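# A structural walkthrough
Here is how the chains run, residue by residue.
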Amino acid sequence: MKIPVVKDILSANDQVAAENRTVFDAANVFVANVMASPGAGKTSMILATAKHLPPEIRLGVIEGDVASSIDADAIAAHDIPVVQINTGGNCHLDAPMISKALTHLPLTEIQLLFIENVGNLICPAGFALGANIAVVVASVPEGHDKPYKYPGMFASADIVLLNKIDLIDVFEFDVLDFRRGVGLVNPEVPIFPICCRTGEGVDAWTEWLVEHIHAD
Amino acid sequence: MHELPVTQGILDVALTAAQQAGGCRITRINLVIGELSSIVDESIQFYFDILSRGTLAEGACMAIQREPAQATCQDCGFQWNVSIPLVPSCPSCQGHRFQVTGGRTFYVESIEVNDEDSSGEGYSERE
């Protein structure tokens, strides 16, 4: 006997993600799920952005890592409230992990929460966390072909940050080819070139972010 | 590692459906998985065989139907099915302006159960 089901495989995760979102909305916290490959500059982007945020927008961070608290320590050194999640080998964060971490964050004291996902261009895109936006950080040394190889990740983005643009000449990075690749699966998504080392472009991206926080 | 939680999700959805149908043993799970979803069929069956032990789904086979992803060239209108990695230009006119749609679905379409074994004796649903 055949029984029709038609149910999303990750519906249990999606359910918890929706509950997380309810908690975020009730506390008036805007949440960005930051995804990228390892070394693209997720932590650097968070720290660079923190410098440009207006004083009325206070930041909190959830750090997802396979192991270690290296990134969380870097964030905490700037007096930003941070919670570390060690996934113990899991390649992505999921909604229940965020649900547990939330109890350790001062949600009533922050307006913006960055969730730094595990460095990986495949799995994190499949697991909703309850965030308002997905921020995908790509970086020049990874090469301009990444959108063609990881279309699922770039399709999931609400904004793409292209980091380390000071290295475009060194790596002979073809910005047009990169933009075309992103456009194949996500034609409307804004792409902001940034350099966390020099600060170039970080103000423009932060301005975009603040506008979206206020509009929410 | 991606396939492990995905497979757990498949098992949970299938077991819930089987319980609602009266606790029949599951013989087959029909899945629809998009071409761009980065899921390896063999890994799913491998993890499933381990995770389903002692459940109503033990020994069930997974039938995976791939949902294609389609590209449409905005210059010449040519349409073709794509897979990873995407090609940077249209195979017909070599233009760069095309859109990729579909290929990202990810669901349990149906399960098939053994009518004659509705008691589910000896099997219990896992947490």
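### Some details on the sheet that holds strand E5 (residues 98-102) of chain B
Residue and element names in this part refer to chain B. The sheet built from three strands is open, its strands ordered E4-E3-E5 with antiparallel pairing. Looking along the sheet, the strands with just one partner apiece sit at the ends: strand E4 (79-82) and E5. Each strand of the sheet is rotated relative to its neighbour by a mean of 30 degrees, with strand direction disregarded. Bridge analysis of strand E3 (residues 69-73) against E5 gives five bridges, and the strand direction is antiparallel. Along E5, the bridge assignment pairs Thr72 with Gln99.

### Notes on the packing of aromatic side chains
Residues and elements named next belong to chain A. Enumeration over the complete set of coordinates arrives at seven aromatic pairs over all chains. Taking the centre distance of 6.0 Å and the plane angle of 85 degrees together, the rings of Phe154 and Phe178 count as edge-to-face. Placement of the pair is Phe154 in helix H6 (residues 151-155) and Phe178 in helix H7 (residues 175-185), with a sequence separation of 24 residues. Residue Phe178 is classed as buried on the basis of its relative accessible area, which comes to 1%. One aromatic cluster is present, built from ring pairs that chain together Phe154, Phe173 and Phe178.

### Description of the layout of surface pockets
Looking at the largest pocket, its volume works out to about 620 Å³. Where the lining of the largest pocket is concerned, the elements lending two or more residues are strand E2 (30-36), strand E6 (133-139) and H6 of chain A. Grouping the amino acids of the lining of the largest pocket by side-chain chemistry returns 18 nonpolar, nine polar and five charged. There is about 410 Å³ of room inside the second largest pocket. Lining the second largest pocket are 21 residues, with A:Asp94, B:Pro5, B:Gln8, B:Gly9 and B:Asp12 sitting closest to its centre. Put simply, the parts of the chain that give the lining of the second largest pocket at least two residues each are helix H1 (11-26) and helix H4 (95-102) of chain A together with helix H1 (3-20) of chain B.

### Here's the deal with the sheet that holds E6(A)
All names here are of chain A. A sheet is described by the order of its strands in space; here seven strands give the open sequence E4-E3-E5-E2-E6-E7-E8, paired in parallel fashion. Looking along the sheet, the strands with just one partner apiece sit at the ends: strand E4 (82-86) and strand E8 (191-193). Adjacent strand axes in the sheet meet at a mean angle of 20 degrees when their direction is disregarded. As defined by bridge partners, strand E7 (residues 159-163) adjoins E8 across three bridges and the pair is classed as parallel. Within E8, the position partnered with Leu161 by the bridge is Phe192.

Calculation rules
Residues numbered from 1 in each chain as written. Chains lettered and ligands numbered in written order. Predicted model: local features only at pLDDT ≥ 70, side-chain atom pairs only at ≥ 80, totals over all residues. Heavy atoms only, no water. Pairing = 2+ DSSP bridges. Helix = DSSP H or I, 4+ residues; strand = E, 2+ residues; numbered from the N terminus. Axes fitted to C-alpha atoms, helices over the stretch in contact; angles between N-to-C directions. Phe/Tyr/Trp six-rings, centres within 6.5 Å; stacked < 30°, edge-to-face > 60°. Buried < 20%, exposed > 50% of the residue type's maximum accessible area, 1.4 Å probe, protein only. 1 Å grid on protein atoms, 1.4 Å probe; cavity = no way out; pocket = protein on both sides within 12 Å on 5 of 7 lines; lining within 4 Å. Points joined across faces, edges and corners; volume = space filled by probe spheres on them. Nonpolar A, V, L, I, M, F, W, Y, C, P; charged D, E, K, R; others polar.

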